[in-house]
Amino acid sequence: MIREFTGRVCVVTGAGSGIGRALAHELAAHGARLALADVDAAGLAETRERAARMGAREIHTEVLDVADRAAVSAWADATAERFGGVDLVVNNAGVSLTADVEEMSWDDFEWLMGVNFWGVAYGTKAFLPHLRRSREGHLVNISSVFGLFGVPSQSAYCAAKYAVRGFTESVRQEMRLSGSGVAVTTVHPGGIKTNIVRNSRTSGAHDRDKVTALHDSASRTSAQRAARIILRGVRRGRARVYVGADATAIDVGSRLLGSVFEPLVRVVSKRTGPTTLAPAPRTVRAKAPGPVPTLSPDGYSNPVTGG
Ligand SMILES: NC(=O)c1ccc[n+]([C@@H]2O[C@H](COP(=O)([O-])OP(=O)(O)OC[C@H]3O[C@@H](n4cnc5c(N)ncnc54)[C@H](O)[C@@H]3O)[C@@H](O)[C@H]2O)c1
C-alpha cells in the first residue's frame, strides 16, 4: 500500500482540467514523479507548468486519447520504461452527455462509452503488469455517484459509470486473490466544481447552458478537495472512496431507502425542472418526503439537486 507519494511514479489521465489537474498538483506538492495525459494539449501544458512549480520531481506529459487502445497501451509501456516502473495509476479522464435515450445518437453513446468506460478498461489492462511489478502498486478508477443510481437523461453516463464500478470491483478481487500486492480503489464523486458539463455534449432537446447552470449550483466540492479525499483514500488503502457529503448521502440513502429511492429521484427531478429548450411545463410542486439529500450530480439535467 502506498503511504507516501514522494518519489513515486504516478500516472493521471485527464490531467488537463478539473479533478485530474488537482490530483497532479497535489501529487506534485508531495514530490511525486508524474506521467500525465489528456487530449487537450493546452490544458495539459498549464497543468504541467504549475506542477513543476509545486515540486514535482519529474514530469512527462502525453497528448493522448484514452479511447485509443493501441495508444494507451504504447503509452503505458513507454511510461514504465521512462520512469523505471509505475506505482499509482488514476484512470480519471471523462466526458459528459445529457440525452434522453430515445433521442440519443449512437455516435454520442459510443463516444461516451469510449472515453468513460473503454478508456478506463484500456488504462487498467495496459498498466496492471507494471503495477504488479511495483509490489506496492495502486490502481484508482473514477466512477461517479451516477454509478450508484439511475438518473433520467444520463443513461449512457450511468451505464459507463456502473460498468467502471463492476469492472473495478472484479479487478480488485482478482488482485487480492492472486496476491499481486496491487491495491484497487473505486471512486464515486458527487458534484465537483469542474468544467465537465461546460465541455459536454447534449442532445438537441437539452440545453447545455441550463445543464451547466444546474451543475454549477449543485456542486459543493472543489476539485482540490476532491483530489485530497482521493489521495487520502489511496494512503488508507480504501476499496471505495465517496467524494463529498452528497456522495455519502446518496450511497447511504439509496441503500437504506431501497425501492423508495427511485421514486424519490423522480420527485426531486421534477422539482429541479427540465433542461430542455422547450418551454417548461407549468411548475410541478411535488413535496419531497422528508429531508432531501443534496444529490449534487455530475452536472446533468435531472439529478436531485435540492435547489
Ligand atoms: N465533476 C463532477 O461533478 C464529477 C462527478 C462524478 C464523477 N466525475 C468524473 O471525474 C472525472 C474527471 O472529471 P472532471 O469533473 O474533472 O472533468 P473535466 O472536464 O474538468 O476534466 C476531464 C478531463 O478529461 C479530458 N478528456 C476528455 N476526453 C478525453 C480523452 N478521450 N482522452 C484523454 N483525456 C480526455 C478532458 O480534456 C479534461 O481535461 C471524470 O471521469 C468524470 O466522469 C466528475
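Since we're looking at a predicted model, the values are computed, not measured. (Residues numbered from 1 in each chain as written. Predicted model: local features only at pLDDT ≥ 70, side-chain atom pairs only at ≥ 80, totals over all residues. Heavy atoms only, no water.)

Draft legend 1. Local environment of the side chain of arginine 172. Structurally, arginine 172 can be placed in helix α5 (residues 155–177). No salt bridge is formed by the buried arginine 172, whose closest oppositely charged neighbour, glutamate 169, lies at an N-O distance of 4.3 Å. Side-chain polar atoms of arginine 172 contact the backbone oxygen of alanine 239, separated by 3.0 Å. Setting aside chain neighbours within four positions, we find arginine 172 in contact with Val184, Thr185, Thr186 and Ala239. (Helix = DSSP H or I, 4+ residues; strand = E, 2+ residues; numbered from the N terminus. Buried < 20%, exposed > 50% of the residue type's maximum accessible area, 1.4 Å probe, protein only. Lys, Arg positive; Asp, Glu negative; His and termini not counted. Salt bridge = Lys/Arg side-chain N within 4 Å of Asp/Glu carboxyl O. Polar contact = N/O pair within 3.5 Å; in protein donor to acceptor, adjacent residues only side chain to side chain. Contact = heavy atoms within 4.5 Å.)

Draft legend 2. Local environment of the site of the ligand. The ligand sits among 31 residues. The nearest are Ser17, Asp38, Asp65, Tyr157 and Thr194. Isoleucine 19 is positioned such that a nitrogen or oxygen atom in its backbone is 2.8 Å from an oxygen atom of the ligand. At 2.8 Å, a backbone N or O of asparagine 92 approaches an oxygen atom of the ligand. Counting only elements with at least two residues in the shell around the ligand, the list comes to α1 (18–29) and α5. Its residues assigned to classes, the shell around the ligand comprises 13 nonpolar, 13 polar and five charged. (Near = heavy atom within 4 Å. Nonpolar A, V, L, I, M, F, W, Y, C, P; charged D, E, K, R; others polar.)

Draft legend 3. Quick peek at a nonpolar patch on the surface. A contiguous nonpolar patch, built from Val252, Leu256, Leu257 and Val260 and spanning about 370 Å² of accessible area, is present on the exposed surface. Examined against the element boundaries, leucine 256 turns out to sit in helix α8 (residues 245–257). According to the relative accessible area criterion, leucine 256 is exposed, its value standing at 70%. (Patch = residues over 30% accessible without salt bridge, like charges linked within 9 Å, V, L, I, M, F, W, Y side chains within 5 Å. Areas by Shrake-Rupley, 256 points an atom, 1.4 Å probe, with all protein chains shown as cover.)

Draft legend 4. Up close: the pattern of salt bridges. Per the counting criterion, the structure on display carries 13 salt bridges. A salt bridge links arginine 8 to glutamate 136, with the shortest nitrogen-to-oxygen separation between them at 2.5 Å. One end of the pair, arginine 8, is in the segment before β1 (9–13); the other, glutamate 136, is in the loop between α4 (106–134) and β6 (138–142), with 128 residues separating them in the sequence. Assessed through its relative accessible area of 17%, arginine 8 is described here as buried. A relative accessible area of 31% places glutamate 136 in the partly exposed class.

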